[in-house]
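One-letter residues, chain by chain:
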Amino acid sequence: MELPSPFVKKGFEFFADKDCTKEYERNSDGPILATWSGESPRPYREIVESYFQHVEEVCNENNEKWTFLGEKDGVRFERAMDRTQRGNGYFRLKGRLAVRPELLLACIATPDCIGALDETTVYQKVVEKVNSTTDIVHTIARPGAIFAYRDFLDLASWRKDADGVYWQMAVSVPEAGKYPHFGCIRGYVMYWGYKFSPVSVDGKTYTDVVCVSQSDVRGWMPTTLTNNFVGPVLADYVHKLETVALEIIEQGRDNETVACAGINL
């Protein structure tokens, strides 16, 4: 399967020039990987299925377990205090976006779109297309002038339910595929996922979005600091996802973007 072009932010070409590849264990079905949690390596399909179950549970959880933190640009953000791990908060975002689900999913599966919607991302490459719905992705982020770069190596997958709802999950597999780039601290995506539900608004297809996120950026970046700004930052991220998708529609590239991402309509 053909890999999408990597995203390289101008001025950060040195990340693309350095190959940090190492081989990971695999069987006849594909990679055998270990997640950030320190578990023993297991077939990638088992990881994908278990994390989809988790994402579905958290997205559909009632509001009693969640503390409302605020709303920004129409995106609500909240936190489940009992899901805190290693000091890292667990956050959930909800909003309605004026874009159909397939295009939103295509955007988060396309490195150039991630670069457009997230200013901290300076490099992203799909290391391997495991199958038509599952990738191993390497991302490098610049969190701020006084902080070291973070890089992430993630297993990401999506699925479509019979009712037209799309799901996406990602989890870090930090020891697989690539060593951290020189000068980077390897961060962990502990839990990440989307639920994209189609909804009709005045005859047009919009999307009710639920996004869940828990990350450990590691290194010297206190969780007492990061937990305070994660909610608003993620709300910006979800809102920018809509903005990037609408720009693609305006340019007449929406069907092309969906097709190139391999999203089945």
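Look up: the structure comes first, before these words.
Here's a quick rundown of the structure. (Residues numbered from 1 in each chain as written. Predicted model: local features only at pLDDT ≥ 70, side-chain atom pairs only at ≥ 80, totals over all residues. Heavy atoms only, no water.)

**Quick word on the overall build of the chain**
This is how the line gets drawn: Think of it this way: any DSSP run of H or I at least four residues long counts as a helix, any run of E at least two long counts as a strand, and we number them from the N terminus. Computation of the radius of gyration draws on C-alpha atoms, with the globule rule given as 2.2 Å multiplied by the number of residues to the power 0.38. Relative accessibility decides the category of a residue: with a 1.4 Å probe and only protein chains considered, values under 20% of the type maximum give buried, values over 50% give exposed, and everything between is partly exposed.
The secondary structure content of the chain amounts to six helices and 14 strands. For 265 residues, the compact-globule estimate of 2.2 N^0.38 gives 18 Å, and the chain sits close to it at 18 Å. C-alpha extents for the chain along the principal axes are approximately 50 × 40 × 40 Å. Per-residue burial over the chain gives 51% buried out of 265 residues.

**Examining the environment of alanine 156**
Our working rule: By the convention used here, residues are in contact when the closest approach between their heavy atoms is within 4.5 Å.
Mapped onto the secondary structure, alanine 156 falls in strand E10 (residues 149-160). Look at alanine 156 and you get buried, because its relative accessible area is 16%. Put simply, alanine 156 and asparagine 88 are 68 residues apart on the chain and 21 Å apart in space, counted from C-alpha to C-alpha. Ignoring anything within four residues of it in the chain, the contact list for alanine 156 reads Thr133, Thr134, Asp135, Gln168, Met169 and Ala170.

**Describing the nonpolar core**
The test is simple: Only buried residues count toward a nonpolar core, which is a set of Ala, Val, Leu, Ile, Met, Phe, Trp, Tyr and Cys residues joined through side-chain atoms within 4.5 Å.
With 37 residues, the main nonpolar core has Leu93, Leu104, Trp192, Tyr194, Phe196, Leu241 and Ile263 as its most contacted residues. Within the second largest apolar cluster, 29 residues are counted, among which are Ile47, Ala80, Ile136 and Val210.

**So, the side chain of threonine 110**
Cut-off, in case you're wondering: In protein, a polar contact means a hydrogen-donor-capable atom and an acceptor-capable atom, both N or O and within 3.5 Å, with residues adjacent in sequence counting only if both atoms are side-chain atoms; elsewhere, any N or O pair within 3.5 Å suffices.
On the secondary structure map, threonine 110 appears in the loop between helix H3 (101-108) and helix H4 (111-117). Here the side chain of threonine 110 touches alanine 106 through a polar contact of 2.7 Å, landing on its backbone oxygen. In this structure threonine 110 touches Thr257 and Ala261, once residues within four positions along its chain are discounted.

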